[in-house]
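# Topology and contacts: notes
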Amino acid sequence: MNAQPRVAIVTGGARGLGAATALRLSRDGLAVAVIDLEQSAAKSTVEAITRAGGQALAIGTNVADAAQVDAAVVQIAGELGAPTVLVNNAGITRDNLIFKMPETDWDAVMDVHLKGSFLMTRAVQQHMVQAQFGRIINLSSTSALGNRGQVNYSAAKAGLQGFTKTLAVELGKFGITANSVAPGFIATDMNRAVADRLNIPWDEYVTTWAEAIPVRRAGTPEDIANTISFLASEGAGFISGQVIYVAGGPVN
Ligand code: NAD
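A short tour of the structure in this document, coming up. (Residues numbered from 1 in each chain as written. Predicted model: local features only at pLDDT ≥ 70, side-chain atom pairs only at ≥ 80, totals over all residues. Heavy atoms only, no water.)

## Comments concerning the layout of surface pockets
Considering only enclosed or pocket space, the second largest pocket measures out at about 230 Å³ in volume. Taken together, 12 residues form the lining of the second largest pocket, with Arg6, Asp28, Leu30, Ala232 and Glu234 sitting closest to its centre. Taken together, the residues of the lining of the second largest pocket sort by class into 4 nonpolar, 5 polar and 3 charged. (1 Å grid on protein atoms, 1.4 Å probe; cavity = no way out; pocket = protein on both sides within 12 Å on 5 of 7 lines; lining within 4 Å. Points joined across faces, edges and corners; volume = space filled by probe spheres on them. Nonpolar A, V, L, I, M, F, W, Y, C, P; charged D, E, K, R; others polar.)

Here's what the structure looks like:
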């Protein structure tokens, strides 16, 4: 048995899927570093964890900035211990049809999802190698398979699947697994913003989505957190390089 709890990092942990995942990993017994753009935003998740008796640290870091990422990982290793679970969850959308999409919106989405996941993983993997144990979970999306208005986001989410598979190949011999979780429609602020932009009332938007999903409901952040919890566990050590679609039905 480990005297110290394992340490997990969840990026974009201030709200949505990241917050639910941070809480779940804490309930699983891990100490959790919650990274988000603003430390103040990450604090609400940390407070929820500590109220429930867990251990957590709030860090303000832009995952697309190499110097900030490296400093954050040094701080986490110093204050919580060596991180051996990494959930690359921070994300943004900048939706538009390709003929209207500015270059800046392409770059912004690539920077957060792809570069951010690369920088975080590069900084954390040395701790995993040293521990001969690691769990890397990258948030992909059903949008990786193509979604109108999301040429940037779907390219980034498909890119994360290739990133994951290569990590699995390179790092497997050190006891490190890498998997992607690809959510379908989950009721979060990210999708609320889409409904607002389309001028569709939120309840109507969720109902329309739910009708098209085989299990006839929208996903919840906990649906994703449960999946990540399993992939982060000791027992998931023979699952690597996979894309797990968590979408209430098959996707194609
Ligand atoms: P969200 O917008 O509710 O939360 C994302 C968090 O990431 C925010 O707190 C935000 O501040 C943070 N963030 C953004 N840029 C950052 C940066 N550069 N550095 C650090 N933190 C940053 O999103 P969500 O719905 O919880 O989605 C979480 C992840 O799951 C994203 O990667 C998203 O693409 C993916 N996803 C979501 C859905 C869905 O239906 N909600 C579906 C598929 C995939």
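## Overview of the site of the ligand
Arg15, Asp36, Tyr153, Thr188 and Asn191 are the nearest of the 27 residues found near the ligand. Within the complex, 93% of the 830 Å² of free accessible area of the ligand lies under protein. At the level of secondary structure, the elements contributing two or more residues to the shell around the ligand comprise helix H1 (16-27), helix H4 (103-131), helix H5 (151-171) and helix H6 (189-198). Residues belonging to the shell around the ligand are distributed by class as follows: 12 nonpolar, 12 polar and 3 charged. (Near = heavy atom within 4 Å. Areas by Shrake-Rupley, 256 points an atom, 1.4 Å probe, with all protein chains shown as cover. Helix = DSSP H or I, 4+ residues; strand = E, 2+ residues; numbered from the N terminus.)

## Describing the packing of aromatic side chains
The final tally for this structure, using the stated rule, is 4 aromatic pairs. An angle of 45° between the planes, with centres 6.4 Å apart, marks the rings of phenylalanine 185 and tryptophan 202 as tilted. Pair noted here: phenylalanine 185 is in the loop between strand E6 (176-183) and H6 and tryptophan 202 is in helix H7 (residues 202-211), with a separation of 17 residues, a long-range link. Both residues of the pair, phenylalanine 185 and tryptophan 202, count as buried. Considering the side-chain rings of phenylalanine 185 and tryptophan 209, the 4.7 Å spacing of their centres and the 5° angle between planes classify their relative orientation as stacked. Here phenylalanine 185, found in the loop between E6 and H6, pairs with tryptophan 209, found in helix H7; they are 24 residues apart in sequence, far enough to count as distant. Pairwise contacts between aromatic rings join Phe185, Trp202, Tyr205 and Trp209 into one cluster. Seen from the ring of phenylalanine 133, arginine 6 lies directly overhead, with NZ or CZ sitting 3.5 Å from the centre. (Phe/Tyr/Trp six-rings, centres within 6.5 Å; stacked < 30°, edge-to-face > 60°. Buried < 20%, exposed > 50% of the residue type's maximum accessible area, 1.4 Å probe, protein only. Lys NZ or Arg CZ within 6 Å of the ring centre and 35° of its normal.)

## Quick look at the packing of H4 against H5
At a closest axis distance of 8 Å, the pairing of H4 and H5 adopts a crossing angle of 15°. The pairing of H4 with H5 is recorded here as roughly parallel in orientation. The handedness of the crossing between H4 and H5 is right-handed. Together, Asp105, Trp106, Val109, Met110, His113, Leu114, Ser117, Phe118, Thr121 and Gln125 of H4 and Val151, Asn152, Tyr153, Ala155, Ala156, Lys157, Gly159, Leu160, Phe163, Leu167 and Leu171 of H5 make up the contact between the two elements. Looking at the contact of H4 with H5 residue by residue, the classes come out as 13 nonpolar, 6 polar and 2 charged. (Axes fitted to C-alpha atoms, helices over the stretch in contact; angles between N-to-C directions. Parallel < 35°, antiparallel > 145°, perpendicular 65-115°, else oblique. Left-handed = near helix turned anticlockwise from the far one by under 90°. Contact = heavy atoms within 4.5 Å.)

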